[in-house]
Amino acid sequence: MIYDNIVIGAGYGGLTAAALLAKAGQKVLLLEAHTVPGGCASFYNRKGILFDSGATTLSGMAEGQPMNKLFRELEIEPRVIKLDPGMIIKFGDRELVRHSNLEQWIIECERFFGLKGIRGFWELVHSIDKKVYKLIANNKRIPPVSAGDLLSLAKPSNLKGLPLLPYLFKPVESVLKKFGLGDDPLFRSFIDEQLLITTQNTADDAPFLTAAMGLAYPAQTYYPYGGLFFPAKQIEKRFREFGGEVKYKKKVTAIRQEKGRYKIVTDDGSEYLCSGVITNIPLWNLPALTEGEFKEYFIKVSPKQDGAWGAFMINFAIKHNLREDLKSVYWQIHVPEGVPYCESKSFFVTISPEDDTQKAPKGVKSVTISLHTKPENWYGLTEEEYSRRKNKTGSFIVQKFDQAFPMLAGYEKSHVEFGTPVTFEKYTGRFRGLVGGVPHSVKNNLLKMNSGVTPFKNFYNTGDTVFPGQGTVAVTIGASNLVTRILDKK
Ligand SMILES: Cc1cc2nc3c(=O)[nH]c(=O)nc-3n(C[C@H](O)[C@H](O)[C@H](O)COP(=O)(O)OP(=O)(O)OC[C@H]3O[C@@H](n4cnc5c(N)ncnc54)[C@H](O)[C@@H]3O)c2cc1C
C-alpha cells in the first residue's frame, strides 16, 4: 500500500490535516507515538478522574472563526460552553473579572487599575483582533510562498488589512505608552502575564498585531467538557469515517526518500510508503529523523531555542462539598515574588465545573495548573536535584493555590502530580520539552516564521513551530491552510 500522505503526530495540527485530506478523498495514514490523540492538548486518567496534560481552553469558536469553521467542515459538535467571565485574574485578594462584553470589561479594568487610556487601549485591541481574524478567514494562502500565493493575496478586500501591517513591527510596550499606560507596574505585569500565556512573549518584544489577538482571547473563552482531548478524539473519529487509518504506539524513527517516494520507519521496525509526508512534530525534532539534505535543511530552519518555553504542570483532584460552584473555570494567579525554577510571575489554573461529570464525578474537581519555565532549569541535573526542584516548585504552587482558593483549601487533594519539560518530552516526544510554539516577537515576527512548505517535493510541516504557531487555534489554521495548498496543487 502506498499512501497519498502520511501524517506524523496526532496533535491538533496532525489531526486537522489528516481529517481534511481524508475528507477530500486522499488515502491517509496517521502515525502517533502515544496511545491517544491530542498531544499537548491530551489527558490522562487516574481512577476515573481525567486530568489535562497541557492545554485546557478553547477559543476561535465564534461564528466564522477557525475552530468553529473546522468543526462545521468536519460536521462535529464538541460539547463546549462559552464562559463569561472568560477568566478571573487574582492579585492577592483582589480579583479582576475578564468579562466577555467589551464595555463591561473596560469598566471593570478602569475600576481595577484606575488609569486613563484603558478604554482606547482595549478598543484598539479588540478592533485589531476582529480585523486579523477576518483577514485570516479570507486568505488560505498565507504565508505566501510563491508568486501565485502573492497574486492571490493582491485582492481589493485585502487592502483593508494594510493599515494593520505596522503593528507587526510595533511592540505592545509602544502602544501602552501611546495610551499613557506604560508606567503603571501593576497594569504592566497584568499585560505581561496575559501575553506570556498567549504569545509566549512579554510587552517589550511581543508585536502588537498578534498580541492583540492574545489579549482579546479571554473575551471568547470556551470550556470543552471532559477537556480538549474530546474534540481531538472527535476529529480522529471523523478521520476514520472518511477512510483514514490511525496507528497508535508508532513512534517514527526515520523519514527517508526512496525512488521518488517516502519511507517512514517506526520504532517497532515497521515501514510505510507514501507519496507525501506531513510532520506534526516540532521542527526541532526533525534533524534526528532525517538524513542528508533533509537533515541539513531542518538544522538550518529550526527556530532558535533560546526564546522558546517549557511548562511546569500540576494536576490534582479535590473532593469537596461546596454548595455553590466557583465563579470561573479559568483563573490566573499572580505571584509577584516569582516561583522557584519558573520564569512566569503567575500561574494559570483550570478547575473543572460541577456539571462536567465527564472529567470528574460530582463533588470532585479536577485541577490543572501550568506556568512557564525554561528547560535549562530541568535538564542536566542529578536525579536527586531534579526531584528536589520538582517538589520545591510543586509544593510552592500548591501552597499559593490554597491561599488563592481558601474555599477549597480545607479539602484533601488526591492524585497530586507535578510535570516538567522532561515530562513533556517523555509523553509528547517534543525536543527538550519545548511547548506552546515559537514566541512571536518584533524581530522574529510572523512574516519570518517557517511556512511549513519545504523545498522537498510533497514534504510539509504543520504544528505550533510553523506558521502561524502557538495554541490549538493557530495550529488548526496552519493545518487547514496547508491542506488547501496541497489540494490546490492536485
Ligand atoms: C501547559 C500548556 C498549556 C496550554 N494551554 C493552551 C490552551 O489553553 N489553549 C490552547 O489553544 N493552547 C494551549 N497550549 C498550546 C497547545 O497545546 C499547543 O500549541 C498545541 O496543542 C500544539 O499542537 P501540535 O499539533 O502542534 O503539536 P502536539 O500537540 O505537540 O502534537 C504532536 C504529536 O506528535 C506526537 N509525536 C511526537 N513525536 C513523534 C514521533 N516521532 N512519531 C509519532 N508521533 C510523534 C506526539 O505524541 C503528539 O501527539 C498549551 C500548551 C501547554 C504545554
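Please read these numbers as outputs of a predicted model, since none were measured by experiment.

### Details of the environment of Ser 42
Part 1 of the argument: With respect to the helices and strands, Ser 42 occurs in the loop between strand S2 (28-31) and strand S3 (43-46).
Part 2 of the argument: Residue Ser 42 is classed as buried on the basis of its relative accessible area of 3%.
Part 3 of the argument: Sequence separation between Ser 42 and Leu 289 is 247 residues; the distance between their C-alpha atoms is 24 Å.
Part 4 of the argument: If we skip the residues at most four places from it in the chain, Ser 42 touches Val 36, Pro 37, Phe 51, Asp 52, Ser 53 and Phe 229.

### Focus on the layout of surface pockets
Part 1 of the argument: In this model, the second largest pocket occupies a volume close to 570 Å³.
Part 2 of the argument: Residue lining of the second largest pocket: 24 residues in total, with Lys 304, Val 438, Pro 439, Ser 441 and Asn 444 positioned closest to the centre.
Part 3 of the argument: Of the residues assigned to the lining of the second largest pocket, the class counts are nine nonpolar, nine polar and six charged.

### Focus: unusual backbone geometry
Part 1 of the argument: The residue after Asp 84, namely Pro 85, is reached through a cis peptide bond having omega 5 degrees.
Part 2 of the argument: Assignment of secondary structure puts Pro 85 in the loop between strand S5 (80-82) and strand S6 (87-91).
Part 3 of the argument: Residue Phe 467 is joined to Pro 468 through a cis peptide bond whose omega torsion reads -10 degrees.
Part 4 of the argument: Structurally, the position occupied by Pro 468 is in the loop between strand S18 (459-461) and helix H15 (471-489).
Part 5 of the argument: The residue Lys 47 is not glycine, and still its phi comes out positive at about 50 degrees.
Part 6 of the argument: With respect to the element layout, Lys 47 can be found in the loop between S3 and strand S4 (49-52).
Part 7 of the argument: Relative accessible area serves as the criterion here: at 79%, Lys 47 is assigned to the exposed category.

### Describing the packing of aromatic side chains
Part 1 of the argument: On inspection of all chains with the given rule, the structure shows 35 aromatic pairs.
Part 2 of the argument: A centroid spacing of 6.4 Å and a plane angle of 85 degrees characterise the contact between Phe 91 and Phe 113, whose relative ring orientation is edge-to-face. Of the two residues, Phe 91 sits in strand S6 while Phe 113 sits in helix H3 (residues 102-113), which places them 22 residues apart along the sequence. A single burial state applies to Phe 91 and to Phe 113, both of which are buried.
Part 3 of the argument: Put simply, the rings of Phe 91, Trp 105, Phe 112, Phe 113, Phe 121, Trp 122, Tyr 167, Phe 179, Phe 187, Phe 190 and Phe 208 pair up and form one aromatic cluster.

### Looking at the pairing of strand S7 (residues 94-98)
Part 1 of the argument: Buried residues dominate S7, accounting for four of its five residues.
Part 2 of the argument: Where S6 lies against S7, five bridges are found, and the strand directions are antiparallel. Directly across from Ile 88, in S7, lies its bridge partner Val 97.
Part 3 of the argument: Connecting S6 to the next strand, S7, in antiparallel fashion are two residues, including Gly 92 with a positive phi near 60 degrees.

### Brief notes about the side chain of Thr 350
Part 1 of the argument: Here Thr 350 is to be found in strand S15 (residues 346-351).
Part 2 of the argument: Thr 350 has contacts with Thr 56, Tyr 223, Val 329, Tyr 330, Ser 366, Val 367 and Thr 368, leaving out every residue within four places of it along the chain.

### Let's talk about the sheet that holds strand S16 (residues 364-373)
Part 1 of the argument: Strand order in the open sheet formed by seven strands is S7-S6-S14-S15-S16-S13-S17, with mixed pairing between adjacent strands. Strand pairing shows two members of the sheet lacking a second neighbour, S7 and strand S17 (413-419), which therefore form its edges. On average, adjacent strands in this sheet sit at an angle of 20 degrees to one another, irrespective of strand direction.
Part 2 of the argument: Relative to strand S13 (residues 310-319), helix H12 (residues 383-404) is tilted by about 50 degrees, and along the sheet it contacts S6, S13, strand S14 (330-334), S15, S16 and S17.

### Comments concerning the domain arrangement of the protein
Part 1 of the argument: What the domain assignment lists for the protein is domain 1 (2-38 + 228-303 + 445-489) and domain 2 (84-220).
Part 2 of the argument: Placing a centre on the C-alpha atoms of domain 1 and another on those of domain 2 gives a separation of 30 Å.
Part 3 of the argument: With 14 residues of domain 1 at the contact, the number on the domain 2 side is 15 residues.
Part 4 of the argument: Of the roughly 1300 Å² buried where domain 1 meets domain 2, counting both sides, 61% is carbon and sulfur surface.
Part 5 of the argument: Summed over the three residues of domain 1 that lose the most area to domain 2, namely Gln 470, Asn 481 and Arg 485, the buried surface amounts to 37% of that side.
Part 6 of the argument: Applying the counting rule to domain 1 against domain 2 returns zero salt bridges.

### Here's the deal with the pattern of salt bridges
One side chain can pair with another of opposite charge once the charged atoms of both are near each other.
Part 1 of the argument: Scanning the model with the defined rule gives 28 salt bridges in all.
Part 2 of the argument: Note that Asp 268 and Lys 250 form a salt bridge whose closest N and O atoms lie 2.6 Å from each other. Here Asp 268, found in the loop between strand S11 (261-266) and strand S12 (271-279), pairs with Lys 250, found in the loop between strand S9 (245-247) and strand S10 (252-258); they are 18 residues apart in sequence, far enough to count as distant.
Part 3 of the argument: Taking relative accessible area as the criterion, Asp 268 reaches 45% and is therefore assigned partly exposed.
Part 4 of the argument: Several salt bridges converge on common partners, so that one network encompasses Glu 75, Lys 237, Arg 238 and Glu 241.

### Notes on the side chain of Thr 57
Part 1 of the argument: Here Thr 57 shows up in the loop between S4 and helix H2 (66-73).
Part 2 of the argument: On the basis of relative accessibility, which here comes to 14%, the residue Thr 57 falls in the buried class.

What counts and what doesn't
- Residues numbered from 1 in each chain as written.
- Predicted model: local features only at pLDDT ≥ 70, side-chain atom pairs only at ≥ 80, totals over all residues.
- Heavy atoms only, no water.
- Helix = DSSP H or I, 4+ residues; strand = E, 2+ residues; numbered from the N terminus.
- Buried < 20%, exposed > 50% of the residue type's maximum accessible area, 1.4 Å probe, protein only.
- Contact = heavy atoms within 4.5 Å.
- 1 Å grid on protein atoms, 1.4 Å probe; cavity = no way out; pocket = protein on both sides within 12 Å on 5 of 7 lines; lining within 4 Å.
- Points joined across faces, edges and corners; volume = space filled by probe spheres on them.
- Nonpolar A, V, L, I, M, F, W, Y, C, P; charged D, E, K, R; others polar.
- Phe/Tyr/Trp six-rings, centres within 6.5 Å; stacked < 30°, edge-to-face > 60°.
- Pairing = 2+ DSSP bridges.
- Axes fitted to C-alpha atoms, helices over the stretch in contact; angles between N-to-C directions.
- Domains from an automatic or database assignment.
- Buried area = accessible area lost by both parts, 1.4 Å probe.
- Salt bridge = Lys/Arg side-chain N within 4 Å of Asp/Glu carboxyl O.

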